[in-house]
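Understanding the architecture of this molecule
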Amino acid sequence: DDHIVNMINPNRRVQDRVQGGAGIVTLDPALGGYNVVMGLNISDGKLKVVDLYEDQRFTSYEQVFARLEEMVLRLTGDGVPVTDVVIEANAFQKGLCSDRQLLNMQDRYGFAIRSHLTNDNKYDEEIGIASMARDCRLGLIDLPYAEDTYTRHVVDQIIDQMKRWRPHIKGARLRQ
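Residues numbered from 1 in each chain as written. Predicted model: local features only at pLDDT ≥ 70, side-chain atom pairs only at ≥ 80, totals over all residues. Heavy atoms only, no water.

Here's the deal with helix 2 (residues 61-77)
- Helix length check: helix 2 (17 residues) gives 24 Å between terminal C-alpha atoms against 24 Å at 1.5 Å per residue, within 8%.
- Three or more residues of helix 2 are buried, namely Val64, Phe65, Arg67, Leu68, Glu69, Met71, Val72, Arg74 and Leu75.
- Of the surrounding secondary structure, the elements contacted by the buried residues of helix 2 are strand 2 (22-28), strand 3 (34-43), strand 4 (46-56), strand 5 (82-88) and helix 3 (100-109).
- Of the residues trailing helix 2, glycine 79 is marked for its positive phi of about 85 degrees. (Helix = DSSP H or I, 4+ residues; strand = E, 2+ residues; numbered from the N terminus. Expected span 1.5 Å × (residues − 1). Buried < 20%, exposed > 50% of the residue type's maximum accessible area, 1.4 Å probe, protein only. Contact = heavy atoms within 4.5 Å.)

As structure tokens, this is what we get:
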């Protein structure tokens, strides 16, 4: 809770434009489960959460990629070039990194596609979840938290998952 307080920015809403810097979009794809797309901005020495889309029970990759492109357009429309799209690439998800739809999107927007395997990396002291504690404590992660319903809903989802996370418990057993 103490670290989360250091990340809260009560002067910024999810809808606010965050200009400058570079944009990163993360995708944790799922068909039939939770599909999560997050837009991030790196500027002023901070990682700023811009927006988060969480969808349930997508039935096609077209839906996944449409949501991904929506986030890319959200950032580029704010004047933030998306430099990287990071995709969780476990199991079937690995094939998405070379999917023609994604490669066409890469050609249109010029971002790099980075596959990411969380697996045991999330427990690594240097690069995993534990390594975020320092950045949280120092206020290097900026969560918008102005008093509007949408911002609070989006950011409360992130905070809830941060508080629920426990080392060595699989996401299937503890949604995180």
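Still more to cover.
Some points on the packing of aromatic side chains
- Throughout the structure, instances matching the rule amount to zero aromatic pairs.
- Between the NZ or CZ atom of arginine 67 and the centre of the ring of tyrosine 53, over which it lies, the distance is 4.5 Å. (Phe/Tyr/Trp six-rings, centres within 6.5 Å; stacked < 30°, edge-to-face > 60°. Lys NZ or Arg CZ within 6 Å of the ring centre and 35° of its normal.)

Examining the pattern of salt bridges
- Per the stated rule, a full pass over the model turns up 13 salt bridges.
- Where arginine 74 meets aspartate 78, a salt bridge forms, and the shortest distance between an N and an O atom there is 2.5 Å. There is no split in this pair, since arginine 74 and aspartate 78 are both buried.
- Residues joined by salt bridges that share partners form a network here, namely Arg17, Asp51, Arg74 and Asp78. (Salt bridge = Lys/Arg side-chain N within 4 Å of Asp/Glu carboxyl O.)

Quick word on the sheet that holds strand 7 (residues 141-144)
- If you trace the seven strands from one edge of the open sheet to the other, you get 1-7-4-3-2-5-6, paired in mixed fashion. Of all the strands in the sheet, just strand 1 (8-9) and strand 6 (112-116) have a single pairing partner and so form its edges.
- Sheet contacts for helix 3: strand 5 and strand 6; angle to strand 6, the most-contacted strand, approximately 135 degrees.
- Strands strand 1, strand 3, strand 4 and strand 7 of the sheet are contacted by helix 5 (residues 149-164), whose axis makes an angle of about 95 degrees with strand 4. (Pairing = 2+ DSSP bridges. Axes fitted to C-alpha atoms, helices over the stretch in contact; angles between N-to-C directions.)

Quick word on the environment of arginine 137
- Here arginine 137 shows up in helix 4 (residues 132-137).
- Residues arginine 137 and asparagine 6, spaced 131 residues apart in sequence, show a C-alpha to C-alpha distance of 6.1 Å.
- Residue contacts for arginine 137: discarding those within four places in its chain leaves His3 and Asn6.

What about the environment of lysine 94?
- Structurally, the position occupied by lysine 94 is in the loop between strand 5 and helix 3.
- Taking the C-alpha atoms as reference, lysine 94 lies 9.0 Å from histidine 116; in sequence the two are 22 residues apart.

A word on the side chain of aspartate 55
- Of note, aspartate 55 is situated in strand 4.
- Engagement of the side chain of aspartate 55 in a polar contact is seen with the side chain of arginine 67, the distance being 2.8 Å.
- For aspartate 55, the residues in contact, after removing those within four places along its chain, are Gly33, Tyr34, Asn35 and Arg67. (Polar contact = N/O pair within 3.5 Å; in protein donor to acceptor, adjacent residues only side chain to side chain.)

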